[in-house]
Structures are given as C-alpha cells and as structure tokens.
Amino acid sequence: KEARKVMNEIIEDPILNETQKDAAIMGVMAHMITTTNLHQHVKGSTPKEVTMKLAKNKGLPEIALHDIESAYTMAEKGYPSLLKFNKAYDIIGQVIFTQEDYKSSIEGIIRESMKRGQQVCEVRCACDSLYYDKARKKPLSPTEGTLSILKAIEEVKAEICEEGLEPPKTGFVFLIFRGKEWDGSIPMAIIQAKEAVRIAKEHPEIKFGLDVAGPED
C-alpha cells in the first residue's frame, strides 16, 4: 500500500517529466525486490554482539574475547585466505555449542536479516554439533539436534510475531562434512543425509536443503 501511494504521487507530480517519473518508479520497484541470503551458517553469520555475550557468559578469558573481536574485524575487511577464514570460523564457533547457544545465534541471524530487509532467511548448520550443557560431555543425536534447531527457529519467529513484526520465511539447510581428517565423517554424513530426508518428509511446510562440505579430491 505504501509503495502504491508513493508511485501515485510520482505519477501525479506536476514538476517531474515522463523520464524522471519512469526513473523514480523504477527506484520504488527496485526497493520492493525481495532480499535474500541463502548461505547463513549459524557459526559464521551470528552477529558479533551475540557471540560476545555468549563468550562473556561462559567466562572466556580476555585473550579469547580479543581473538573473537579480531575474527569479526577480519570478516569486515575480507579474509585474505581460506586458512584465515577457517581459523576465524573456529574462533567464533567455539562459544556456540549448547541448545541455548544455537537459539541465541539463530535469533541473532533472523533479527539481523530483518534489519537488512530480507524476506527469506536460511539457517545452515550441522545437526550433530549440539550439546546438552557447557561441559560438552553429552552431544545430542542428529535427530535431537535437528528438532532442537527447528524448535529454536519456530520459537524465535513466534517471539517476533508477538512484537507485532513479521519474521522472514526461514528454511534450514543441513551441513554435513566429508573429509580426510576424520575417518567417521562419511558414516556421519550418511546418517545426517537420511535425517534430512526424514525430517523434510515430516515437515513439507519448511524449506530444507543439504550442503556437503569437504575437499574436492
């Protein structure tokens, strides 16, 4: 409605010529194009303030907080190499491992996407990397991890709706790994792939994807 109002004002403006009106209308239409970001890793897209809050709540030492700050600073400038990116990813990801951490991260990602005007948001992560508590003694199973992530997404969206706002459409992409460093990577990748298929059949209303990461050779 607001866009229609603005375009009508442009059309009826007695000062603008036809070329100027066309350009102004195109600007309004361009502003209405849906904004998306389809590659938002939980541990790579969490806003800095969320990560820092989690790190401080966990009592990480000052040197660790400095490393996190440096990782985000490097991200803003652009990573000079894949090695630097992987190191920064690990530094940031070290504070995100409990179910509560993942929910905080997902909320940060969704709310940040709203600030950018995104109408579509994607949460991408491994479903076998969640733990019950800070001690990391007991990991969730892939099924439990998946359900926890989906629950977090729905809870965050519900909280946003309660505020009178409209959250973006949010999908979930399973991130699985095949690599040489860990012999169990392929079996776990198969388990998660099966979990992705199972959960997608059970929830046809949600958009799912599967991302297989690892060396090409």
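Residues numbered from 1 in each chain as written. Predicted model: local features only at pLDDT ≥ 70, side-chain atom pairs only at ≥ 80, totals over all residues. Heavy atoms only, no water.

### Regarding the overall build of the protein
Of the regular secondary structure elements, the protein holds 9 helices and 4 strands. Start at the N end of the protein and walk to the C end: the helices and strands fall as α-α-β-α-α-α-α-α-β-α-β-α-β. Along the first, second and third principal axes, the C-alpha atoms of the protein reach 70 × 45 × 45 Å. Per-residue burial for the protein yields a buried fraction of 35% across its 217 residues. Excluding contacts between residues fewer than 6 apart, the proportion of contacts in the protein whose partners are at least 24 apart in sequence is 68%. When the accessible surface of the protein is totalled, it reaches about 13,300 Å², and 57% of it is carbon and sulfur. Of the charged side chains in the protein, 30 are positive and 34 negative, and the gap between their average positions amounts to 3 Å. (Helix = DSSP H or I, 4+ residues; strand = E, 2+ residues; numbered from the N terminus. Buried < 20%, exposed > 50% of the residue type's maximum accessible area, 1.4 Å probe, protein only. Contact = heavy atoms within 4.5 Å. Areas by Shrake-Rupley, 256 points an atom, 1.4 Å probe, with all protein chains shown as cover. Lys, Arg positive; Asp, Glu negative; His and termini not counted. Charge placed at Lys NZ, Arg CZ, Asp CG, Glu CD.)

### Description of the pattern of salt bridges
Inspection of every chain in the model, using the stated rule, returns 12 salt bridges. Between Arg-124 and Asp-211 there is a salt bridge whose closest N-O contact spans 2.6 Å. Taken as a pair, Arg-124 in strand E2 (residues 118-125) and Asp-211 in strand E4 (residues 208-213) lie far apart in primary sequence, 87 residues in all. Judged by relative accessible area, which is 9%, Arg-124 ranks as buried. (Salt bridge = Lys/Arg side-chain N within 4 Å of Asp/Glu carboxyl O.)

### Comments concerning helix H8 (residues 142-162)
When the terminal C-alpha atoms of H8 are compared, their 30 Å separation across 21 residues agrees well with the 30 Å that a helix rising 1.5 Å per residue should span. Residues of H8 that are buried include every one of Pro-142, Gly-145, Thr-146, Ser-148, Ile-149, Leu-150, Ala-152, Ile-153, Val-156, Lys-157 and Ile-160, and no others. In this fold, the buried residues of H8 make contact with helix H7 (99-115), E2, strand E3 (169-177), helix H9 (185-202) and E4. Positioned one or two residues after H8, Gly-164 has a phi angle of 80°, which is positive. (Expected span 1.5 Å × (residues − 1).)

### A closer look at the nonpolar core
Counting residues in each nonpolar core, the largest one holds 37 residues, and the members touching the most others are Val-42, Leu-60, Ile-68, Val-95, Ile-106, Ile-149 and Phe-172. Those elements giving two or more residues to this core turn out to be helix H4 (48-57), helix H5 (62-77), helix H6 (82-93), H7, E2, H8, E3 and H9. When residues of this core are assigned to their parent elements, the largest contribution, 6 residues, is made by H8. (Core = buried A, V, L, I, M, F, W, Y, C linked by side-chain atoms within 4.5 Å.)

### Some remarks on the packing of H7 against H8
Their axes nearest at 9 Å, the elements H7 and H8 cross at an angle of 45°. Judged by the angle between their axes, H7 and H8 are oblique. Like other packed secondary-structure pairs, H7 and H8 cross with a definite hand, here right-handed. Of H8, the residues touching H7 (which contributes Gln-99, Lys-103, Ile-106, Glu-107, Ile-110, Arg-111 and Met-114) are Ser-148, Ile-149, Ala-152, Ile-153, Glu-155, Val-156, Glu-159 and Ile-160. (Axes fitted to C-alpha atoms, helices over the stretch in contact; angles between N-to-C directions. Parallel < 35°, antiparallel > 145°, perpendicular 65-115°, else oblique. Left-handed = near helix turned anticlockwise from the far one by under 90°.)

### Examining the pairing of E2
The element E2 is largely enclosed, with a buried count of 6 among its 8 residues. Two strands pair when backbone bridges link them, and E2 and E3 are joined in this way by 6 bridges, in the parallel orientation. The residue bridging Cys-121 from the neighbouring strand is Thr-170, located in E3. In this view, the connection linking E2 to its parallel neighbour E3 by way of H8 has right-handed handedness. (Pairing = 2+ DSSP bridges. Right-handed = clockwise from strand over helix to strand, strands pointing away.)

### A look at the packing of aromatic side chains
Within the structure shown, the criterion is met by 5 aromatic pairs. When the centroid spacing of 6.5 Å and the interplanar angle of 75° are considered together, the rings of Phe-172 and Phe-208 count as edge-to-face. Highlighted residues: Phe-172 in strand E3 and Phe-208 in strand E4, separated in sequence by 36 residues. Overall, the relative accessible area of 0% leaves Phe-172 in the buried class. Ring geometry for Phe-174 versus Phe-208: centroids 6.2 Å apart, planes at 35°, classification tilted. With a gap of 34 residues between them, Phe-174 in strand E3 and Phe-208 in strand E4 connect regions that are remote in the sequence. In this structure Phe-174 comes out as buried when scored by relative accessible area, which is 0%. For Phe-208, a relative accessible area of 22% translates into the label partly exposed. (Phe/Tyr/Trp six-rings, centres within 6.5 Å; stacked < 30°, edge-to-face > 60°.)

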